[in-house]
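As a plain string of letters, each chain reads:
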Amino acid sequence: MASPTELEFKGYAMTDPSAWSDLKVVSFPPKTFGPEDVELAITHCGVCGSDVHILNQSWGSARAGPLVAGHEIIGKVTRVGERVKGLRPGDRVGVGGGITSCRECRACENGYENYCPQLLISLNTTHADGIPSQGGFSTGIRAHERFVFPIPDQIESRHAASMMCGGLTAFHPLRANGCGPGKRVGVIGIGGVGHYALLFAKAMGAEVYAFTRGGAKADDARKMGADHVIDTTVPGFWKPYSLTLDIIISTVDHFGPGTSLPDILSMLYVLGKYICIGLPPADEPVPPIHPLALAKNAASVGSTFLGTKEDAAAMLELAAEKNVVPWIEELPMSQAKVALEALKAGRVRYRYVLTQDISTVQ
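What this report covers is the structure whose coordinates are included nearby. Residue positions are counted from 1 within each chain, in the order its sequence is given. Where local features are concerned, this predicted model is filtered to residues with pLDDT of at least 70; where side-chain atom pairs are given and counted, the filter is 80 or more; whole-chain, interface and lining totals use all residues. Side-chain metrics in this entry use all non-hydrogen atoms of the structure; hydrogen atoms and water are not considered.

Some details on the side chain of T169
Here is step 1 of the chain: Strands here are runs of E lasting at least two residues and helices are runs of H or I lasting at least four, both read from the DSSP assignment and numbered beginning at the N terminus. Positionally, T169 belongs in helix α4 (residues 166–176).
Here is step 2 of the chain: Leave out the neighbours within four places in its chain, and T169 touches V193, I277, T304 and L306. Contacts are assigned to residue pairs that have any heavy atoms within 4.5 Å of one another.

Structure representation (structure tokens):
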């Protein structure tokens, strides 16, 4: 085992659920360090919509006690367990929404650890040793090596941060469903994850269709790689695109009144896939659909969660090769409240990234 470097664990935590965005600096104990664990000192952390949902409890009650959010983490390795291979202190790495899994189930054995029934996410859960998990609005984190991703030299830390969840969440379904040259990909919702879906679909060689409400983001969408931009406020916007798209990635986390899933699915080509990666509040289910709407073009409706380590490696390799650069706004970590409230209000273009200001990372 490498000689450990002392790391003081502190973070910006929600201490009062009724004031979800008012974060205070607290000290917290890290999980027990295991032989396959990696410890990193955090330099950057992205702000994701999931952080808002967890802190304001629209997905359910938050865990009791101080809660540190953040799961788009970049930092430098300070310590590695005795069984860890390929990583050493000083390496620049990332950690996303997951930090460990059982490593014994069929999903884990087949490289789908992000679908392990015992997957432990980066925040708002409890480690096997009883220590509460805390996220990346902090000085450090410990994670199993399977959930730690080396960052290529060509990618700046501030750009890599939001790739750890927002980017991977968009890339995983694109890769899993064969996005590439000759494919037509639709992206519904041009927000933080949606902008990544545009960037990666274009970098993978697909013809890209951006669906957005109104024209405020049309120019941005084209700069991100959209070949076509469709205004979803236009009546019957879907009709010209019947049997057109091979994949639709839906990133919206709210379905407005009158949303018709059959109309959206009609744009899919035969055997096309509609992948809903935006996760609405718990009391807002997907609009109803009858099997007949699927039978017309043999369409499939599904979703994905995070991504595998292989997905992360492929995503980062593509980003380095094709110079995929996210559109971000940077703030010091102490201004997490500004980022969280702007994200909830839909004012961010297109991801916030927080930089470490509790401690200095050497």
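Read on, since the account is not over.
What about the sheet that holds strand β4 (residues 67–68)?
Here is step 1 of the chain: Read from one edge to the other, the open sheet built from three strands follows the order β2-β1-β4, with strand pairing classed as antiparallel. The open sheet is flanked by β2 (23–27) and β4, the only strands paired with a single partner.
Here is step 2 of the chain: Paired strands are those between which DSSP finds at least two bridges. In the sheet, strand β1 (residues 10–14) pairs with β2 via five bridges, with the strands oriented antiparallel. Residue pairing across strands places G11 opposite V26, the latter belonging to β2.

Overview of the packing of aromatic side chains
Here is step 1 of the chain: Note on aromatic contacts: the rings of Phe and Tyr and the six-membered ring of Trp form a pair at centre separations within 6.5 Å, being stacked when their planes are under 30 degrees apart, edge-to-face when over 60 apart, and tilted otherwise. For the coordinates displayed, the defined rule picks out eight aromatic pairs.
Here is step 2 of the chain: Aromatic side chains F9 and F28 sit 5.8 Å apart centroid to centroid with 65° between the ring planes, which places their arrangement in the edge-to-face category. Residue F9 is found in the segment before β1, and its partner F28 is found in the loop between β2 and β3 (37–47); the two are separated by 19 residues along the sequence.
Here is step 3 of the chain: Look at F9 and you get buried, because its relative accessible area is 6%.
Here is step 4 of the chain: Measuring from centroid to centroid gives 5.5 Å for F171 and F200, while their planes differ by 70°, and the two rings are edge-to-face. Note on exposure labels: buried denotes an accessible area under 20% of the residue type's maximum, exposed denotes more than 50%, and partly exposed covers the range between, all computed with a 1.4 Å probe on protein chains only.

Considerations on the layout of surface pockets
Here is step 1 of the chain: Using only the protein atoms, space was sampled on a 1 Å grid; points where a 1.4 Å probe fits but cannot get out form cavities, open sets with protein on both sides within 12 Å along at least five of seven lines form pockets, and lining residues are those with an atom within 4 Å of a point. Grid points are joined across faces, edges and corners, and a volume is the space filled by probe spheres set on the points. Looking at the second largest pocket, its volume works out to about 340 Å³.
Here is step 2 of the chain: K31, T100, S101, R103 and A128 are, among the 19 residues lining the second largest pocket, the residues nearest its centre.
Here is step 3 of the chain: Side-chain classes follow a simple rule in which Ala, Val, Leu, Ile, Met, Phe, Trp, Tyr, Cys and Pro form the nonpolar group, Asp, Glu, Lys and Arg form the charged group, and the remainder, Gly included, forms the polar group. Here the lining of the second largest pocket is built from residues that sort into five nonpolar, eight polar and six charged.

Overview of the pairing of strand β14 (residues 245–250)
Here is step 1 of the chain: The buried count for β14 comes to six of six residues, which makes it a mostly enclosed element.
Here is step 2 of the chain: Sheet analysis places strand β11 (residues 184–188) next to β14, joined by four bridges and oriented parallel. Note on β14: the bridge partner recorded for I188 is S250.
Here is step 3 of the chain: Sheet analysis places β14 next to strand β15 (residues 268–276), joined by five bridges and oriented parallel. Residue pairing for β15: L245 is matched across the bridge by L268.

Some remarks on helix α10 (residues 336–344)
Here is step 1 of the chain: Within the span of α10, buried status applies to A336, A339, L340 and A342.
Here is step 2 of the chain: Residues of α10 that are buried in the fold lie against β2, β3, α1 (49–55), β17 (328–332) and β18 (351–355).
Here is step 3 of the chain: G346 sits one or two residues past α10 and shows a positive phi near 75°.

Section: empty space enclosed by the protein
Here is step 1 of the chain: Taken as a whole and assessed by the stated rule, the structure comprises two cavities of 30 Å³ or more.
Here is step 2 of the chain: Space inside the largest cavity adds up to approximately 90 Å³.
Here is step 3 of the chain: As for the largest cavity, its lining consists of 14 residues, and the residues nearest its centre are K31, H127, Q134, I141 and R142.
Here is step 4 of the chain: For the lining of the largest cavity, the leading source of residues is strand β9 (residues 140–144), giving three residues.
Here is step 5 of the chain: Approximately 60 Å³ is the volume attributed to the second largest cavity.
Here is step 6 of the chain: Considering only residue class, the lining of the second largest cavity consists of five nonpolar, five polar and no charged.

Shape is all these values report; function is a separate question.
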